[in-house]
Amino acid sequence: GNSVTQMEGPVTLSEEAFLTINCTYTATGYPSLFWYVQYPGEGLQLLLKATKADDKGSNKGFEATYRKETTSFHLEKGSVQVSDSAVYFCALSDGVTGGGNKLTFGTGTQLKVEL
Amino acid sequence: EAGVAQSPRYKIIEKRQSVAFWCNPISGHATLYWYQQILGQGPKLLIQFQNNGVVDDSQLPKDRFSAERLKGVDSTLKIQPAKLEDSAVYLCASSLYTDTQYFGPGTRLTVL
């Protein structure tokens, strides 16, 4: 079955540091890949996505590239801010077309950014 | 555009009691999902509706959990009777005919 593996947290960084959160996946077919972010007390928000190999998703300074050869979708940001402190979830959809797709999530990585 | 609405935001009950959660998806979204997020874990799909039909309920504990989506819009998720291990955040999401799901704020359930 499908699965997503994320690096464990918490990850603690100083403001303006470079961020990488690793994500690898196992899936059949051609899944789409997502990063969702969850701020304290809030629901999940879509951060970025990629739907095919070599696509790069980007948003708010974050980016991730769909690497089929390494089955990875690592999240990166060049300079983090305190406001980026949140839990980040990597997820994949099962590639079923039409009518919405089931998401499989990783366990989440907590990011703490300090001044 | 209004997002996915959920209520209540918080609920505390004792074990063996029943509880219900409500979700209103984004207008026009045909597909609705209920996820369970246990502390420290990623969300797990419980049930997926397309319009008012069930697409996937393979991970729904049907002896105690039930869900319905009347008229293909709002949905309710019920637990009866609740167990301690049901303590979690229950997330509702909706999508159009794409694979981008939009999530509500969730209902945090505590079972004592």
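Just above, that's the structure.
Residues numbered from 1 in each chain as written. Chains lettered and ligands numbered in written order. Predicted model: local features only at pLDDT ≥ 70, side-chain atom pairs only at ≥ 80, totals over all residues. Heavy atoms only, no water.

Draft legend 1. Up close: the packing of aromatic side chains. Scanning the model with the defined rule gives twelve aromatic pairs over all chains in all. On the basis of an interplanar angle of 35 degrees and a centroid distance of 6.2 Å, the ring pair of Phe-34 of chain A and Tyr-36 of chain A is categorised as tilted. With respect to burial, Phe-34 of chain A and Tyr-36 of chain A carry one shared label: buried. Put simply, the rings of Phe-34, Tyr-36, Phe-89 and Phe-105 of chain A together with Tyr-33, Tyr-35 and Phe-103 of chain B pair up and form one aromatic cluster. (Phe/Tyr/Trp six-rings, centres within 6.5 Å; stacked < 30°, edge-to-face > 60°. Buried < 20%, exposed > 50% of the residue type's maximum accessible area, 1.4 Å probe, protein only.)

Draft legend 2. Here's a closer look at the state of the cysteines. Residue and element names in this part refer to chain A. Applying the stated criterion across every chain yields a total of two disulfides over all chains. Put simply, Cys-23 and Cys-90 are joined by a disulfide, and their sulfur atoms are 2.0 Å apart. Across the disulfide from Cys-23 to Cys-90, rotation about the S-S bond amounts to roughly -70 degrees, and the bridge is consequently left-handed. Residue Cys-23 is found in strand S4 (residues 23-26), and its partner Cys-90 is found in strand S10 (residues 86-93); the two are separated by 67 residues along the sequence. (Disulfide = S-S within 2.5 Å. Helix = DSSP H or I, 4+ residues; strand = E, 2+ residues; numbered from the N terminus.)

Draft legend 3. Representation of the nonpolar core in the model. With 26 residues, the main nonpolar core has Trp-35, Leu-47, Leu-48, Phe-73, Leu-75 and Tyr-88 of chain A as its most contacted residues. Of all the secondary-structure elements, those providing two or more residues to this core are strand S2 (11-14), strand S3 (19-21), S4, strand S5 (33-38), strand S6 (44-50), strand S8 (62-65), S10 and strand S12 (109-114) of chain A. For this core, the leading source of residues is S10 of chain A, giving four residues. In this structure, Val-19, Ala-88, Cys-92 and Val-111 of chain B belong to the second largest nonpolar core, which totals 21 residues. (Core = buried A, V, L, I, M, F, W, Y, C linked by side-chain atoms within 4.5 Å.)

Draft legend 4. Local environment of the sheet that holds strand S8 (residues 75-79) of chain B. Residues and elements named next belong to chain B. Spatially, S1-S3-S8-S7 is the arrangement adopted by the four strands of the open sheet, whose pairing is antiparallel. One side of each edge strand has no neighbouring strand; the edge strands of this open sheet are strand S1 (5-7) and strand S7 (65-68). Pairs of neighbouring strands in the sheet enclose a mean axial angle of 15 degrees, with direction left out of account. (Pairing = 2+ DSSP bridges. Axes fitted to C-alpha atoms, helices over the stretch in contact; angles between N-to-C directions.)

Draft legend 5. Representation of the side chain of Arg-69 of chain B in the model. All names here are of chain B. By the element assignment, Arg-69 lies in the loop between S7 and S8. Although Arg-69 is buried, it forms no salt bridge, and the closest oppositely charged side chain is Asp-74 at an N-O distance of 7.3 Å. Within the local environment of Arg-69, its side chain forms a polar contact with the backbone oxygen of Ala-30, the two atoms lying 2.5 Å apart. Within the local environment of Arg-69, its side chain forms a polar contact with the backbone oxygen of Gly-72, the two atoms lying 2.9 Å apart. (Lys, Arg positive; Asp, Glu negative; His and termini not counted. Salt bridge = Lys/Arg side-chain N within 4 Å of Asp/Glu carboxyl O. Polar contact = N/O pair within 3.5 Å; in protein donor to acceptor, adjacent residues only side chain to side chain.)

Draft legend 6. The arrangement of the interface of chain B and chain A in detail. Contacts between chain B and chain A engage 25 residues on the former and 20 residues on the latter. At the boundary of chain B with chain A, total buried surface from both sides reaches about 1600 Å², with 48% on carbon and sulfur atoms. In this assembly, chain B and chain A are joined by one salt bridge. A salt bridge links Asp-56 of chain B to Lys-102 of chain A, with the shortest nitrogen-to-oxygen separation between them at 3.9 Å. Where chain B meets chain A, there are four residue pairs in polar contact (both at pLDDT 80 or more). Residue assignment for the side of chain B that touches chain A shows that the elements contributing at least two residues are strand S4 (31-37), strand S5 (44-50) and strand S9 (88-95) of chain B. A total of four residues in the side of chain B that touches chain A trace back to one element, the largest contributor, which is S4 of chain B. When the residues that make up the side of chain B that touches chain A are grouped by side-chain class, the tally is nine nonpolar, 13 polar and three charged. (Contact = heavy atoms within 4.5 Å. Buried area = accessible area lost by both parts, 1.4 Å probe. Nonpolar A, V, L, I, M, F, W, Y, C, P; charged D, E, K, R; others polar.)

Honestly, that's just the spatial picture; any functional story needs more than this.
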